[in-house]
Amino acid sequence: MNMEEFWIFLSTATKSDFFAGGIALGVIGGVAAVLHTLWQLIERIIAKRICVSVTVDNRSPSYRHLLLWLSSSGALKNVRQLSRVDPRHAEGTNGYSAAPGRHWFWHCGRPCSLLWEIDDKRRVNDGRRQDMMEKLTVTMYSGSADTILEWIAEGCELARARDRIGPGLHVFRGDYWDNIGNIRGRDINTVVTDDDRVEKAVADMRWFYDARDWYAQRGIPWRRGYLLHGPPGTGKSSLVRALASELQLDIATMDLGRADMNDDDLREAMMDAPEMALIVVEDVDAIFVQRDGNRKSGLSFSGLLNAIDGVGAQEGRALVMTTNHIDRLDPALIRPGRADVHIELGLVGASSAAKLFTRFFPDEEKLCEEFCHTIGTEKIALATLQGWLLSNSDDPRRAASAEFMLP
């Protein structure tokens with residue numbers, strides 16, 4: 001076909017509606033393809049410049065932490081597609097959460113998306129079983145990656161609170177704090193006294209931990225000391241654990257009677273103590289002198305005082321000291337600024353004994369009256385009462401006899 005014939009054919013074909021429509025469709029398809037490519041390019045540029053994304057999978061603890069934050073914050077409350085998920089990863093959602101796929105939500109005035117992907121060809125082994133690999137990608141438009149990382153950190157705190165059985169215990173080993181793990185919590189109501197001194201201690205310590213700005217406005221170091229004193233077995237250690245449990249704090253304890261402990265060690269221990277922890281020094285009267293009168297610690301008295309309220313002393317963590325013999329303590333150690341609150345835990349009478357008896361035997365009112373009548377006006381150590389009730393927890397009538405009172 002020569003050129004003249006080609007042009008004749010083209011002229012004739014263009015007069016056909018079918019042929020013209022095909023050309024139009026081809027042009028439209030080409031334009032659409034170009035626009036699609038251009039949009040993908042623009043989308044990638046926008047994503048790189050104004051979007052931030054964080055991806056985690058179920059091999060990482062951050063996976064659970066992000067899911068906990070999403071479920072607790074209500075970010076996905078309007079999601080319409082749900083699926084059953086591992087209850088370990090979606091506490092508080094009745095085992096249901098957003099289904100795999102992309103979901104959009106708003107947070108802090110910014111559009112965000114969650115992409116939940118499941119790879120059924122890859123497996124994750126958690127030591128007990130194998131699960132399919134799951135990935136979560138959170139994208140925020142016109143935001144900061146730090147914001148998403150803060151969400152994960154908040155989820156971590158949620159997980160810590162849910163997994164917590166009681167205060168974390170930290171022990172100072174001479175040059176570092178050793179995290180022993182959680183110890184069983186104790187209800188503040190189990191520490192009984194004849195008045196409201198325990199409730200006042202809780203209120204005061206709660207105020208202290210919320211008073212950072214109050215101290216800063218007055219130019220005062222954010223420190224507060226508590227001295228618990230009284231005979232052995234009156235509940236000093238129990239009160240420490242109950243305070244930590246009630247206020248969701250850890251316990252950081254030190255044995256200052258160690259021969260290898262010196263002033264520098266103590267100062268560094270105070271400065272590096274775990275945050276949100278009670279710093280506890282038990283039997284502070286026995287730090288320097290043993291019962292036979294021999295010196296047993298490498299600490300100096302001035303070193304102890306400087307560690308408590310010196311220039312480099314800790315802030316934001318209450319110091320709790322306990323002693324069985326307050327009369328043996330130097331007034332300089334227990335003055336305000338070092339021991340601001342003194343709490344005496346002494347022997348208790350019948351009213352406190354009744355509280356404890358009722359906790360062991362809540363339906364035995366008459367036996368409780370007999371128990372209190374037997375105790376009369378006597379004063380007894382809390383540990384003695386608790387030990388007796390524990391040993392007779394299956395026999396309320398014998399417990400009410402209070403035979404431990406017999407000579």
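Because the structure is a prediction, the values reported are computed rather than measured.

Quick notes on the rules
- Residues numbered from 1 in each chain as written.
- Predicted model: local features only at pLDDT ≥ 70, side-chain atom pairs only at ≥ 80, totals over all residues.
- Heavy atoms only, no water.
- Patch = residues over 30% accessible without salt bridge, like charges linked within 9 Å, V, L, I, M, F, W, Y side chains within 5 Å.
- Areas by Shrake-Rupley, 256 points an atom, 1.4 Å probe, with all protein chains shown as cover.
- Salt bridge = Lys/Arg side-chain N within 4 Å of Asp/Glu carboxyl O.
- Helix = DSSP H or I, 4+ residues; strand = E, 2+ residues; numbered from the N terminus.
- Buried < 20%, exposed > 50% of the residue type's maximum accessible area, 1.4 Å probe, protein only.
- Pairing = 2+ DSSP bridges.
- Axes fitted to C-alpha atoms, helices over the stretch in contact; angles between N-to-C directions.
- Parallel < 35°, antiparallel > 145°, perpendicular 65-115°, else oblique.
- Left-handed = near helix turned anticlockwise from the far one by under 90°.
- Contact = heavy atoms within 4.5 Å.
- Nonpolar A, V, L, I, M, F, W, Y, C, P; charged D, E, K, R; others polar.
- Lys, Arg positive; Asp, Glu negative; His and termini not counted.
- Charge placed at Lys NZ, Arg CZ, Asp CG, Glu CD.
- Phe/Tyr/Trp six-rings, centres within 6.5 Å; stacked < 30°, edge-to-face > 60°.

**Regarding a nonpolar patch on the surface**
- Side chains of Val-31, Leu-35, Leu-38 and Leu-41 sit close together on the surface and give an oily, nonpolar patch of about 350 Å² of accessible area.
- Positionally, Val-31 belongs in helix 2 (residues 17-50).
- For Val-31, a relative accessible area of 44% gives the class partly exposed.

**A word on the pairing of strand 10 (residues 250-253)**
- Both faces of strand 10 are covered, namely the face carrying Asp-250 and Ala-252 and the face carrying Ile-251 and Thr-253.
- Bridging between strand 7 (residues 168-172) and strand 10 involves 3 bridges; their strand directions are parallel. Within strand 10, the residue paired with Leu-169 across the bridge is Ile-251.
- Strand direction decides the pairing type here: strand 10 and strand 11 (residues 277-281), joined by 4 bridges, are parallel. Directly across from Ile-251, in strand 11, lies its bridge partner Leu-278.

**Re the packing of helix 5 (residues 197-209) against helix 7 (residues 236-246)**
- Contact geometry of helix 5 with helix 7 gives a least axis separation of 11 Å together with a crossing angle of 50°. Here helix 5 lies oblique to helix 7, going by the angle between them. By crossing handedness, the relation of helix 5 to helix 7 is classed as right-handed. For the pair helix 5 and helix 7, contact is made by Val-198, Ala-201, Val-202, Met-205 and Arg-206 and by Leu-239, Leu-243 and Glu-246, respectively.
- Partitioned by chemical class, the residues of the contact of helix 5 with helix 7 number 6 nonpolar, no polar and 2 charged.

**Here's the deal with a negative patch on the surface**
- A contiguous patch of negative charge, built from Asp-363, Glu-364, Glu-365, Glu-369 and Glu-370, is present on the exposed surface.
- Structurally, Glu-364 is set in the loop between helix 10 (350-360) and helix 11 (365-375).
- Classification of Glu-364 as partly exposed rests on a relative accessible area of 30%.

**A few points about the packing of aromatic side chains**
- One pass over the structure, following the stated rule, counts 13 aromatic pairs.
- Measuring from centroid to centroid gives 5.7 Å for Trp-104 and Tyr-141, while their planes differ by 25°, and the two rings are stacked. A residue pair is termed long-range when its members are at least 10 positions apart, and Trp-104 in strand 4 (residues 101-107) and Tyr-141 in strand 6 (residues 130-141) qualify at 37 residues.
- The class of Tyr-141 is partly exposed, set by a relative accessible area of 24%.
- With centroids separated by 5.1 Å and ring planes inclined at 75°, the aromatic side chains of Phe-208 and Tyr-209 adopt a geometry described as edge-to-face.

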